[in-house]
Amino acid sequence: MAHIGRFAPSPTGPLHIGSLLAAVASYLDAKANGGRWLLRLEDLDPPRELKGAADTILKQLEELGLHWDGEVLRQSSRLDAYNEALQKLWDDGLCFHCDCTRPKVRAMGSVYNGHCRTRKDQNKRSSAIRLRTRNDEIAFDDRVFGSIRQKLEQEVGDFIIKRKDGLFAYQLAVVIDDSFQKISHVMRGFDLLDSTPRQIYLQQLLNLPTPHYAHIPLVVDDQGQKFSKQQFAKAIDSTRGSELIHTALMLLNQPLPPEIQKLPPQEILAEATACWDIQTIPKLANIPFREADTSSLKSASACDLTAT
Ligand code: GLU
Ligand code: ZN
């Protein structure tokens, strides 16, 4: 089977070191396996978007030598497909309206207890649409973290697939588009590991194939906070491309040939593709990182391509 990977940033801000790590890892994993690397802009949530961020992300990727294959897919152009999937789930009797507030769900212990499942007086206006869950175990083998299991009903609860404000939820859109783009291998941040069983459940309900999944550590700051766009994480300076890619490779603990950081980004990526080893990625939820720290990063083991 052909290897098709992807990078799927939300345009809520420019790339930062955390999103760069996901971009570099998914790119190298696809290329090292002779595959294609697709780009999808997850622009489904206009209120959270930052004007111009989508263009900035594309420009940053270009400058870093991370060239994607084919056309960019924008989720904002895919609403018909999401509606169709929602309709199928609805027809199968798996959805219900829910107007429970966040504090109410928190009072349930943050696992939705099915409160509105069978309500006769469902408030259709200003309510979200939730998907019924079951308690059979969803299991998958993460390529980095190994065996993962979750009982959705017990551990997550019925979850939202269309929000109260009318926007489609990430969980539904990501599943429809991974299938539409024929993604065979998903590689992304550890924060989404917990979402994967929900996505596999949706694939099962919609008769879609399940890709292979791999999650990589999240980059966190001194305080253990995730570098995220919402917290105005410092945008990477893509004119320092070689240094940034090198930093990402060190954080991913990749074996590298010596002196690689002196090469232009594109050449570093080519060398790193040849040396790529998913086994050496740290099996950690978080990696602490300080911007000023790049020189003190521990060097990964050497990559000797002449060795057999
Ligand atoms: N759009 C998500 C993000 O920027 C990533 C989704 C995914 O990789 O499944 O965090
Ligand atoms: Zn409810």
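It should be emphasised that the depicted structure is a prediction, and the values quoted were computed from it without experimental measurement.

Chemist: A description of unusual backbone geometry should follow, citing residues and the corresponding values.
Modeler: Backbone geometry at lysine 182 places phi at a positive 55°, although glycine is not the residue there. On the secondary structure map, lysine 182 appears in the loop between α6 (170-180) and β9 (185-189). Take lysine 182: its relative accessible area is 62%, and that puts it in the exposed class. Notably, glutamate 259 is not glycine yet its phi reads approximately 65°, a positive angle. Inspection of the secondary structure assignment puts glutamate 259 in the loop between α8 (241-251) and α9 (265-275).

Chemist: With reference to specific residues and values, describe the sheet that holds strand β1 (residues 4-7).
Modeler: Hydrogen bonds between backbone groups are what pair the strands of a sheet, and the pairing can be parallel or antiparallel. The strand order across the open sheet formed by three strands is β1-β2-β3, and the pairing between neighbours is parallel. Among the strands making up the open sheet, the edge pair consists of β1 and β3 (73-74). In this structure, β1 lies alongside strand β2 (residues 36-41), joined through four bridges in parallel fashion. If you follow phenylalanine 7 over to β2, its bridge partner there is leucine 39.

Chemist: Please give an account of the state of the cysteines that cites residues and values.
Modeler: What the rule picks out here adds up to one disulfide. The residue that forms a disulfide with cysteine 275 is cysteine 303, at a sulfur-sulfur distance of 2.0 Å. Between cysteine 275 and cysteine 303, the S-S torsion sits near -85°, and that sign places the bridge as left-handed. In this pair, cysteine 275 sits in helix α9 while cysteine 303 sits in the segment after β12 (286-288), placing the two residues 28 residues apart along the sequence. In this structure, cysteine 275 and cysteine 303 share a single accessibility class: buried.

Chemist: Describe the environment of valine 174, listing the residues and the values that go with them.
Modeler: Relative to the helices and strands, valine 174 resides in helix α6. Along the backbone, valine 174 and arginine 40 are 134 residues apart, and their C-alpha atoms lie at a distance of 9.8 Å. For valine 174, the contacting residues outside a window of four places in its chain are Arg6, Arg40, Glu42, Gln75, Arg188 and Gln199.

Chemist: Describe the site of ligand 1, listing the residues and the values that go with them.
Modeler: Around ligand 1, the surrounding shell holds ten residues, and the nearest of these are Arg6, Ala8, Ser10, Glu42 and Tyr170. Within the side chain of glutamate 42, a nitrogen or oxygen atom sits 2.6 Å from a nitrogen atom of ligand 1. Protein chains bury 80% of the 300 Å² of accessible surface belonging to ligand 1 in isolation. Split by residue class, the shell around ligand 1 holds five nonpolar, one polar and four charged.

Rules used throughout
Residues numbered from 1 in each chain as written. Chains lettered and ligands numbered in written order. Predicted model: local features only at pLDDT ≥ 70, side-chain atom pairs only at ≥ 80, totals over all residues. Heavy atoms only, no water. Helix = DSSP H or I, 4+ residues; strand = E, 2+ residues; numbered from the N terminus. Buried < 20%, exposed > 50% of the residue type's maximum accessible area, 1.4 Å probe, protein only. Pairing = 2+ DSSP bridges. Disulfide = S-S within 2.5 Å. Contact = heavy atoms within 4.5 Å. Near = heavy atom within 4 Å. Polar contact = N/O pair within 3.5 Å; in protein donor to acceptor, adjacent residues only side chain to side chain. Areas by Shrake-Rupley, 256 points an atom, 1.4 Å probe, with all protein chains shown as cover. Nonpolar A, V, L, I, M, F, W, Y, C, P; charged D, E, K, R; others polar.

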